[in-house]
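Commentary on secondary and tertiary structure
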Amino acid sequence: MSPERTETVQDTTVVHERRTPAPPPVTLIGMPKFPKNAKKELANSQLRTNLRHATTTIRNKRVKVVQELPHWEDLRLAGEAIKNRTLRHLDTYLLQLEASLTANGAIVHWANDAAEANQIVIDITRSKGADEVVKVKSMATQEIDLNEALEEAGIAAWETDLAELIVQLGHDRPSHILVPAIHRNRSEVREIFLEEMGRYGTPPPEGLTDDPAMLAGAARVHLRNKFLRAKVAVSGANFAIADSGTLVVVESEGNGRMCLTLPDTLISIVGIEKTLPTFADLEVFMQLLPRSSTAERMNPYTSMWSGVREGDGPQEVHVVLVDNGRTKVLADQVGRQALRCIRCSACLNICPVYERVGGHAYGSVYPGPIGAILTPQLRGTASEIDQSLPYASSLCGACFEVCPVRINIPEVLVHLRNRVVEEHHGPSAWGMGMKVGGWVMGKGNRFGMLEKGAELFGAVWPGDKVGPIPGPASAWLGARDLKKPPTETFRDWWVKREKAKRSGDSGQKDA
Amino acid sequence: MSVPTGTVALFATCINDMLFPDTPKAVLRLLERLGCTVDFPLQQTCCGQMFTNTGYFTEAMPSVRNFVDTFGAYEWVVGPSGSCIGSVRDQHPMLAKRLGDPGLQREVDAIVAKTLDLSEFLVDVLGVTDVGAYFPHTVTYHSTCHSLRVTKVGDRPYQLLKAVAGLTLIDLPNADQCCGFGGTFSVKNPDTSVAMGTDKMRAVLDTGAEYLVAGDNSCLLHIGGLLSRNKSGVTPIHLAEILARTEDDYLVQADGATTKSGGAR
Ligand code: SF4
């Protein structure tokens, strides 16, 4: 949460008051790298408790609902195969998608990057004479930081998903793909509502407690006006079907349905990788997604719309197809599998690193394992934070096991580590160490020489273990003892044993 | 039980060779007791995963080349480490494809097919689960991520432990969760690594076991380091060292000749 409230915004020409709560700014340059962010988050007891509770609950539920389907592994294989085929022929399917959407009466826009996508939304909203939009929860709009772009253009973007609303009112950033306010508990939510709700619309009722039902009720009343007033809605899409020209939004609260049906104009921001070839492909993904994300057999609301239907729902439907780095990812033979992601967040919930540090440490809209492989590909590895993300994993592989589209996240992590090394190979202690180490490990006698050093260390070091020592060694020794090296390596012991054997002794007594 | 006719090459792994020689000694003793002919080719070094997993692929190549040169001629290559065996099987082909020539790729593919973790070799090749071991202690088993998800040793270690005379095996809560070692992760992200390790340590202590057993000394180096720093009194031990012990060892131990000390690995 940002404590200071400089609530004015500089447009190129006008200076105006901010309309929506200011989130903390995101500046890649100078953003601390992951280990430093993590250190700070790890000390937050409330965060640790919230995350442990939330992720444990949801991953246990996921296991249960997944085990109900005997053909789960086949579904994963099918999901992987459909996505792979789509990505392989993405150019074709995108053109087909555009044609179907257009035939259905939708207006299709293409955006190379975040700035282009944001400008398209600004232009459409202005053309409707609107100065506000209501929003369905969407990762793509988070990725392009649409809310702040609209704010700068004097347009207020109101989040209508409960958790997104909590994040927005809290002057905060999401910390989870699916549960953006996972780092908040209900007393914090109550505080945020009491403090902020009234400034941006209908205030909370008198005597608001931290009872979840009452909090949700307050949000419902707060949003009601905004839904009824709004002329323009902005959404993302979970899937964009090429053959039928259908967009699909999967949600739990019904706020999405309100946005998708009430306002007259609907703008959907869709990453180009969200394409699916046929309507029938949904069969696979509508089984994979709810069970992997909310651990439900079926999510409460699935909205599908194919263009404009006269007299029913939005009368002007825009679809903005966004690249924003995806073509670059597609060009990487190992890294491209990250584009299969359906944003279920199962990998976050299972990740032992995410569970302890939370989403903000990743300095990216996409946190957790998928963030660690997707963000450095989308943004490149120029910044310190992006260089550190591929290393923000112990490579335990739990994410790969749960991913419904079988993204081999550890494989991509290691691949991207190599990219970081190749792209930033200035002189470094790590680089030197690895070079020397690589040479040493090239021959047994070289390693044997190194081992002599260890034996010597073992012989002179007093005591049987190495305790805390300040300096670079404290990265290990700060919390962990180290057994001192033995005075005889296995290699030396073996050589002695073989010698003894040859000279007639059995040499077995030591074994 | 079916003992292979050829020589089994012991791949000690660099960390065991240098820091935990008791583990390869135990493997040797166990395999010889079961009738195998074992060799330790001196040319061996390392699987190279500390380079690979840190992103230094070029630096890992000497290890890959050295591995095929060292072990190519043997019938089986057996090592006491799910992680290092996993690296050979999972990463050497990737490295050979990227940075090697077709010849190296062929050699790597051939060696991958005969490189096994100790637990796999015992259960699948020798066909034994009861190796005649005796270990009258309470232990809990940490499955280690790479044994579980890369090498996929499955329940083989449990089968082997359950057949050990005198041993009481207590289930470790949240057994499939990473301990936070992660190779260079442990020093590149020390705070997160220790936070994960602390939770693992708590799970271990909750079992009340005397020994924490695993098929990988690297994870034990990490959890053991925490257990030692906290004076927990729990001793980390490699699976091979349990399987190698027989009742005879305890006759020796009663005389006070060899006793194991708890703590840091
Ligand atoms: S990477 Fe896989 S598990 Fe993670 S969010 Fe994407 S689809 Fe879900």
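Since we're looking at a predicted model, the values are computed, not measured.

Thresholds, definitions, all that
- Residues numbered from 1 in each chain as written.
- Chains lettered and ligands numbered in written order.
- Predicted model: local features only at pLDDT ≥ 70, side-chain atom pairs only at ≥ 80, totals over all residues.
- Heavy atoms only, no water.
- Axes fitted to C-alpha atoms, helices over the stretch in contact; angles between N-to-C directions.
- Helix = DSSP H or I, 4+ residues; strand = E, 2+ residues; numbered from the N terminus.
- Parallel < 35°, antiparallel > 145°, perpendicular 65-115°, else oblique.
- Left-handed = near helix turned anticlockwise from the far one by under 90°.
- Contact = heavy atoms within 4.5 Å.
- Domains from an automatic or database assignment.
- Salt bridge = Lys/Arg side-chain N within 4 Å of Asp/Glu carboxyl O.
- pLDDT = per-residue confidence, 0-100.
- Pairing = 2+ DSSP bridges.

All names here are of chain A. As a packed pair, helix α3 (residues 72–88) and helix α12 (residues 282–293) sit with axes 9 Å apart at the nearest point and diverge in direction by 115°. Considered as vectors, α3 and α12 are oriented roughly perpendicular to each other. The two elements α3 and α12 meet at a crossing, and its hand is left-handed. Mapping the contact onto sequence places W72, L75, R76, A78, G79, I82 and K83 in α3 and V284, F285, Q287, L288, R291 and S292 in α12.

All names here are of chain B. Along its sequence, chain B is carved into domain 1 (7–125) and domain 2 (138–248). When each unit is reduced to the centre of its C-alpha atoms, the spacing between domain 1 and domain 2 is 22 Å. In this assembly, 29 residues from domain 1 lie in contact with 24 residues from domain 2. At the surface where domain 1 touches domain 2, the tally comes to 1 salt bridge. D124 is the partner of R156 in a salt bridge, and the nearest nitrogen-oxygen pair spans 3.0 Å. Of all the secondary structure elements, the ones that give two or more residues to the side of domain 1 that touches domain 2 are α1 (14–19), α2 (22–33), α3 (49–52), α5 (82–90) and α8 (118–126). For the side of domain 1 that touches domain 2, the leading source of residues is α2, giving 7 residues.

What follows covers the domain arrangement of chain A. By domain assignment, chain A separates into domain 1 (4–30 + 72–324), domain 2 (33–68 + 325–425) and domain 3 (442–510). Centre-to-centre separation of domain 2 of chain A and domain 3 of chain A, based on C-alpha positions: 37 Å.

Another point: the confidence of the model for chain A. Parts of the prediction with low pLDDT should not have their coordinates interpreted in detail. Residue and element names in this part refer to chain A. Overall, the prediction assigns chain A a mean pLDDT of 93, with 96% of residues at 70 or greater. Note that pLDDT drops below 50 for residues 1–6; the model gives that stretch 11 contacts with residues more than four away or on any other chain. Counting contacts from residues 507–511, a segment whose pLDDT is below 50, to residues more than four positions away or on other chains yields 7 contacts.

Moving on, we get to the sheet that holds strand β3 (residues 76–79) of chain B. Residue and element names in this part refer to chain B. One open sheet accounts for 4 strands, arranged β2-β1-β3-β4; its pairing is parallel. Both edges of this open sheet fall to β2 (37–39) and β4 (115–117), since each of them pairs with a single strand only. Put simply, the sheet's adjacent strands are angled 35° from each other on average, direction ignored. Bridge count between strand β1 (residues 7–10) and β2: 3 bridges; the pairing is parallel. In the strand pairing of β2, A9 is matched with D39. Contacting β3 and β4, α5 runs over the sheet at an angle of about 155° to β4. α8 rests against β1, β3 and β4 of the sheet, and its axis sits at about 100° to β4.

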